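The primary structure of each chain is shown beneath.
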Amino acid sequence: MTDVLKLAEIGGAPATSGHALHYAPAVKDDIADRPSPIAATTKLLFVTSEMGDFIKAGGLGEVSTALPRQLRKFCEVRVLLPGFRQVRKARPAMDVVRQMPRVAGLPPWSLGRFATSDGLIVYTVLCDELYDRDGSPYGPFGGGDFGDNDIRFGRLSLAAAEIAAGEADPNWKPDVVHVNDWPSALAPGYMRWKGLATPSILTVHNLAYQGLYHPQRMRLLGIPDLAFNINGAEFHGKISFLKSGIYYGSHVTTVSETYANEITTAEHGCGLDGLLKTRMHEGRLTGIVNGIDDSWNALIDGGRTGDQIIRQWKRRNAAEIRRTFDLPDSRGPLFSIISRLVHQKGIDLSLEAAETIVAQGGQLVVTGRGEPRIEEAVEKLAKRYPRAVAARIGFDDGEARRLFAASDFLLMPSRFEPCGLSQMYAQRSGALPIAYRTGGLVDTIEDGLSGFLFSSLTGAGLTGAVARALEAFRSKRAFRQMRDHAMAKRFDWRRPSFRYADVYARALVA
């Protein structure tokens, strides 16, 4: 088993396609010789509600692990996150920089500071009454949200503003503050209400989550009355953390070029399309495709390449997965679903397409957890086809990596997908993604070259794409060419981090 999981470098020439108009430069352009857009002395505060080093619930945790480290090539970076129980356990001893007072209904806190093993400085908001709890960053392990999340993340946002003002750490004051999604999106508002001129960047990882709260919570959050209007924090009679970040922030980024355009439309704008369209026209909305961890660029043992070596590597992983999931050996294609089992991810469409997969001699392995009704439907399908479909309700990162390496195809028919990481993991692992033509999936999958895209968001639409995949699989030469092309693509953080540095530079001179 350990041989199956060994990691090392895969070689191969980068490739591009017209289907990845915005992402293709990230694959072919070498930015190593370009001058940095910002001075190395620039101080950046990166604010996040999760970080994979300690605690994560999704893609934001992975981005927050990789991006700040990449940005250290351009500027001085410090990360701010809540002092969750998992963080305190990992770092039981840390410096306490300063104790800070209560503000409105936001409790007092202390600013913790420590360095990771690779030297990244991390600040933590130490406030046990808010963060010393079992669960994810946002709620209990059983599901749902904590009832005081507005206070928990209002405290995080105000802490960012207090650091920006030089109040929390008198020896370090950022030149730029970069916040992420709704949990820290109130920070640009607090900065404005404090009269700070420090530029702030908001990255929207998923517009559907906005942090909406009753206006009676304004006083507890310390939001001034004048801010509760259409030109401020108000959104359809509620406080919106996310709208505050979009309105008060200097610049908004999101995690793919296509999603940046989609969120300016009524269909995908979640009621904020008008404001986002204004930001687009002002040149203050930018789409930047995420990268993935460098470990995904190093997969095959010994750094060897060649079709035979890759095929052997894939076969070993497929055999291990079939043993793990009690599936019989098969010469047919292996499909996978590696996802949260929720409506957004189009799992219902995948289950409909599974009938075609099974009928054509394929097998399907599903891993993930999510909505109970979808989990039940997945388990029911596995019981119906015990020799062709297997499921594990739950998630294990090591097992997921092995499944990517084992699979011939990944089903990813998300109804919307701001960026997505799984389709990039799949391509690097030689699993061709099959995805709906939306968001970051458009920007990272080249239809007919490194995967398959479909345009009709129906079971029939996905089934048609599956039929194309099965046809390619039967044509061994075509399938090998697609797999080689997919595995040769690079999705590292070099270009995205350069583009973020460029956004900071523009915000600093605006």
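This is a predicted model, so every value here is computed, not measured.

**Student:** How would you sum up unusual backbone geometry? Please name residues and give values.
**Tutor:** Not every positive phi belongs to a glycine, and H236 is a case in point at roughly 50 degrees. Within the secondary structure layout, H236 lies in the loop between β9 (234–235) and β10 (238–240). Here D326, not a glycine, exhibits a phi torsion of approximately 55 degrees, which is positive. Of note, D326 is situated in the loop between α13 (307–324) and β13 (334–338).

**Student:** Tell me what's going on with helix α21 (residues 494–509), and back it up with residues and numbers.
**Tutor:** With 16 residues, α21 ought to run about 22 Å at 1.5 Å a step, and its terminal C-alpha atoms sit 23 Å apart, in line with that. For α21, the full list of buried residues reads R495, P496, S497, F498, Y500, A501, V503, Y504, A505 and A507.

**Student:** Any chance you could break down the nonpolar core for me, citing the residues and the numbers?
**Tutor:** Proteins that are soluble and globular tend to have nonpolar side chains buried together. Counting 87 residues, the largest nonpolar core has L45, L80, L207, L242 and I246 as the members making the most contacts within it. Looking at which element gives the most residues to this core, the answer is helix α6 (residues 149–164), with nine residues.

**Student:** Break down the sheet that holds β9 for me, with residues and values.
**Tutor:** With respect to topology, three strands assemble into an open sheet ordered β8-β10-β9, the strand pairing being antiparallel. The sheet is open, and its two edges are formed by β8 (212–213) and β9, each paired on a single side. The pairing of β9 with β10 spans two bridges and is antiparallel. Counterpart to E234 in the pairing with β10 is I239.

**Student:** Hey, could you go over the packing of helix α14 (residues 347–359) against helix α15 (residues 372–384) for me, with residue numbers and the actual values?
**Tutor:** Two elements in contact, α14 and α15, have axes separated by 10 Å at closest approach and are oriented at 10 degrees. One finds that α14 runs roughly parallel with respect to α15. Packed against α14, whose contacting residues are I347, L351, A354 and E355, the element α15 presents I374, A377, V378, L381 and R384 at the interface. Of the residues contributing to the contact of α14 with α15, the split by class is seven nonpolar, no polar and two charged.

**Student:** Before we move on, could you go through the sheet that holds strand β17 (residues 432–436) and cite the residues and values that matter?
**Tutor:** Across the sheet, six strands lie side by side as β15-β14-β13-β16-β17-β18; this open sheet has parallel pairing. With one partner strand each, in any of the chains shown, β15 (389–393) and β18 (452–454) form the two edges of the open sheet. Put simply, the sheet's adjacent strands are angled 15 degrees from each other on average, direction ignored. Pairing of strand β14 (residues 363–368) with β15 involves five bridges; the strand directions are parallel. Within β15, the position partnered with V365 by the bridge is A390. Where α13 meets the sheet, it contacts β13, β14 and β15, and its direction lies at approximately 65 degrees from that of β13. This element, helix α19 (residues 459–474), spans β13, β16 (409–412), β17 and β18 of the sheet and lies at about 160 degrees to β18.

**Student:** I'd like to hear about the confidence of the model for the protein, residue by residue, with values.
**Tutor:** Mean pLDDT over the protein: 92, with 92% of residues reaching 70 or higher. Between residues 1–28, whose pLDDT stays under 50, and residues either more than four places distant or in other chains, the model counts 74 contacts.

What counts and what doesn't
- Residues numbered from 1 in each chain as written.
- Predicted model: local features only at pLDDT ≥ 70, side-chain atom pairs only at ≥ 80, totals over all residues.
- Heavy atoms only, no water.
- Helix = DSSP H or I, 4+ residues; strand = E, 2+ residues; numbered from the N terminus.
- Expected span 1.5 Å × (residues − 1).
- Buried < 20%, exposed > 50% of the residue type's maximum accessible area, 1.4 Å probe, protein only.
- Core = buried A, V, L, I, M, F, W, Y, C linked by side-chain atoms within 4.5 Å.
- Pairing = 2+ DSSP bridges.
- Axes fitted to C-alpha atoms, helices over the stretch in contact; angles between N-to-C directions.
- Parallel < 35°, antiparallel > 145°, perpendicular 65-115°, else oblique.
- Contact = heavy atoms within 4.5 Å.
- Nonpolar A, V, L, I, M, F, W, Y, C, P; charged D, E, K, R; others polar.
- pLDDT = per-residue confidence, 0-100.

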